[in-house]
Structure formats: C-alpha cells, structure tokens
Amino acid sequence: MNFEHNETLEHALQRNVHDALMEDVGRGDWTARLVAADRRITAQVVAKESAVVCGRPWFDACILAADPQARVSWLADEGEAVAAGAVICRIEANARGLLSAERPALNFLQMLSGVATVTRRYVNALVGISPNPHGCKVLDTRKTLPGLRQAQKYAVRAGGGHNHRMALWDGILIKENHIAAAGGIDAALRAARALNADVEIQVEVENLVELQQALDAGATNVLIDDFTLDDMRRAVALNRRRAVLEVSGGVDLQTIRAIAGTGVDRISIGKLTKDLRAVDLSMRVTG
C-alpha cells in the first residue's frame, strides 16, 4: 500500500478543517438560521483554566471558512501560557457563520491546547535534571488520533517538545520482529542502510547485550525499551555518546525526572497525544 505523496502540515490542516465542518455542518445549520442572515456579532474566547495556547491556524481556518470577512484578533501567541480567566481572542463575524463554526473551531483549539499544555509540563519537569551536556529532549510517538497526526505533533512542538518520526515514511525503526526476520541486529542495520532512504535509522534493543550488538554494528540511534533505571545508567556508560539513546515505555510525570537523571538523550512519551484531555475554553457573544 503506497500513496502518491507524503502529507504536509498545510495539507493536513485543510483536510482537518474540511472534515470537521463537513461532519458538523453538512448541508446546513438549522439553529443558526434563527438569527438574521445579515447580522454581525462580536465574541471572545476565554480560558477557564491555565493552559498553553495552541491551534490558532485551525481555529482561524474554521471561522474564515464560515465567513471569509471575519476578523480574529489574538491576545495570546501560539505556545504562550495563559492563566484561567484570560481572554485568548476576540472575533467579529457574520452571526450565522460564527455560530456554525464555533464548535469545530473550539474543538481544535481545546484539543491542541491540551496537547501543548501537557507537553509543557513534561518539558518543565526536566529543567536542571539531566547530567547530559546536551540535555534531555521530550519526544512524542505515533500514538496519535487518526487523521490528526500532523496537528497533534504540531501541538507537541508548540509545547516545547520534539517530534519522533512523523510517520512510517519519515524514518526507519527496527524493532524485535524486524530483527528476527532479518537475521539479527547487524543484518537488519545493513539492510536498512542499503535502502538509501535518507531518513533516520533507529534500532530498538531490549537489554544491554543487544545494545552492545547495535553499537558494534554502527548504530547511531538506539531505543532502549523498558530498561530499569540501573540498566539505563549502564547503557549510558556503555554507549559513551556513540549513539543517541532514547528511552520509551512506562514514562509519566512521576518517572520522567529519574529517567532523565540517568543521562539519556531523549525520552519518548505516548501520553502526550494518546491520553488526551482537552483544555476548557469558552466562547461567548459580547455584542
């Protein structure tokens, strides 16, 4: 199964907004027709809890799709932390258009702000912890909501995190089954290099013996999966900065500081995009 191209962020944004409006508005919003067709109104979006704002391009696109003449004035930058009660933006638009676009627009802003907010918590938790001279990066995974991969990974970046491979086309991750099928770590790495794919090659190892095998085979990026803290420290010592060491599995806000303290380079966290909690935002008509 192959497709003609790899989707860009801009293409994904357009598809996201089209799909959101299609599923919610369809052939028309009956309730919005209770308001005069030519009436223009003003409204504002308020944060009901502290959050990191993210999703402005999706919000704007929803509003402008419903009313190309609408004006959205943002009072918070993308990636900015705001307090509960803060006015995030003000909108002036056709009443019918704004009322129809309100829920899809807020859905994007709430969901993506939720991803950015939790990412910022993980990033902040690592400040001053890592003995690694290059620090320790917080990464996402491919555990995203179907159809929202680009959007959620954009939100991770807005929250101060980094992206693991965007998709299968964006990197090679050699896991246990690939190793077994290829005939070992060395054989799998040689096969991956032979593809000349010009993407990052990462190999997953499950113990220190496999880590040594990967390093001997010239691995430059190794995922150490479900290691104990002691074995993470041993892995860092064994590695001697020959490869980028990434930890995955069982990471949360209670464990991440100890993991970063072992000196690994990166920590990937599925919870950033998988265990989603939207931020509580509210839109109210003001005039």
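Just above, that's the structure.
Residues numbered from 1 in each chain as written. Predicted model: local features only at pLDDT ≥ 70, side-chain atom pairs only at ≥ 80, totals over all residues. Heavy atoms only, no water.

## A short note on the nonpolar core
Judged by nonpolar contacts, the single largest core of 82 residues is most densely connected at Val45, Phe59, Ile91 and Val222. Looking at this core element by element, the count peaks at 14 residues for helix 3 (residues 95-125). The residues touching Ile91, leaving out its near neighbours within four places in the chain, are Ile41, Thr42, Ala43, Gln44, Val45, Phe59, Ile63, Arg71, Val72, Leu98 and Met283. (Core = buried A, V, L, I, M, F, W, Y, C linked by side-chain atoms within 4.5 Å. Buried < 20%, exposed > 50% of the residue type's maximum accessible area, 1.4 Å probe, protein only. Helix = DSSP H or I, 4+ residues; strand = E, 2+ residues; numbered from the N terminus. Contact = heavy atoms within 4.5 Å.)

## What to know about the sheet that holds strand 1 (residues 40-47)
Reading across from one edge, 3-5-1-12 is the order of the four strands in this open sheet, with antiparallel pairing throughout. Edge positions in the open sheet fall to strand 3 (71-74) and strand 12 (281-285), since each of these has one partner strand only. On average, each strand axis in the sheet is inclined to that of its neighbour by 20°, with strand direction left out of account. Pairing of strand 1 with strand 5 (residues 87-94), which is carried by seven bridges, proceeds in the antiparallel orientation. Within the sheet, the bridge partner assigned to Ala43 lies in strand 5 and is Ile91. Of the strands in this sheet, strand 1, strand 3, strand 5 and strand 12 are in contact with helix 3, which crosses strand 5 at around 150°. (Pairing = 2+ DSSP bridges. Axes fitted to C-alpha atoms, helices over the stretch in contact; angles between N-to-C directions.)

## With respect to the side chain of Thr117
Tracing the backbone through its elements, the reader meets Thr117 in helix 3. We classify Thr117 as buried; its relative accessible area is 8%. Once residues within four sequence positions are removed from consideration, Thr117 is found in contact with Ala51, Val52 and Val279.

## A few points about the pattern of salt bridges
Pairing is possible between side chains that carry opposite charge, provided their charged atoms lie close to one another. Scanning the entire structure with this criterion turns up 13 salt bridges. Taking the shortest distance from any N to any O, the salt bridge between Glu7 and Arg15 comes out at 2.8 Å. As a salt-bridge pair, Glu92 and Arg71 come within 3.4 Å of each other at their nearest N and O atoms. Within this pair, whereas Glu92 is found in strand 5, its partner Arg71 is found in strand 3, the two being separated by 21 residues in sequence. Among the charged side chains, a network of salt bridges with common partners joins Arg40, Asp67, Arg71 and Glu92. (Salt bridge = Lys/Arg side-chain N within 4 Å of Asp/Glu carboxyl O.)

## Focus: the environment of Val35
You can see Val35 is positioned in the loop between helix 1 (9-24) and strand 1. Taking the C-alpha atoms as reference points, Val35 and Arg96, 61 residues apart in sequence, are found 6.5 Å from one another. Residues contacting Val35, with those up to four places away along its chain left out, are Ala95, Arg96 and Leu99.

## Observations regarding the sheet that holds strand 6 (residues 137-139)
With parallel pairing, six strands are arranged side by side in an open sheet as 6-11-10-9-8-7. This sheet does not close on itself; its edge strands, each paired only once, are strand 6 and strand 7 (171-174). Between one strand and the next, the sheet's axes are offset by a mean angle of 25°, whatever the strand orientation. In this sheet, strand 11 (residues 266-268) lies alongside strand 6 in parallel orientation, the contact comprising three bridges. Directly across from Lys137, in strand 11, lies its bridge partner Arg266.

## Description of helix 3
Counted at 1.5 Å a residue, the expected span for helix 3 with its 31 residues is 45 Å, and the 43 Å between its end C-alpha atoms agrees. The largest bend in helix 3 comes to about 45°, at Glu102, with the proline Pro104 one to four residues further on. Of all the 31 residues making up helix 3, 23 are buried; the element is thus mostly covered by neighbouring parts of the structure. (Expected span 1.5 Å × (residues − 1). Bend = angle between axes of the 7 residues up to and from the residue.)

## Remarks on the packing of helix 2 (residues 56-66) against helix 3
The geometry of helix 2 relative to helix 3 is characterised by a closest axis approach of 8 Å and an angle of 170° between their N-to-C directions. One element, helix 2, and the other, helix 3, form an angle in the roughly antiparallel class. In this structure, helix 2 contributes Arg56, Trp58, Phe59, Cys62, Ile63 and Ala66 to the contact, and helix 3 contributes Gly97, Leu98, Ala101, Pro104, Ala105, Leu106, Phe108, Leu109 and Leu112. Class assignment for the residues of the contact of helix 2 with helix 3 results in 13 nonpolar, one polar and one charged. (Parallel < 35°, antiparallel > 145°, perpendicular 65-115°, else oblique. Nonpolar A, V, L, I, M, F, W, Y, C, P; charged D, E, K, R; others polar.)

## Quick notes on the environment of Ala260
Relative to the helices and strands, Ala260 resides in helix 9 (residues 256-260). Given a relative accessible area of 0%, Ala260 falls into the buried group. If we ignore the near neighbours within four places in the chain, the residues touching Ala260 are Leu126, Ile129, Ser130, Pro131, Cys136 and Ile267.

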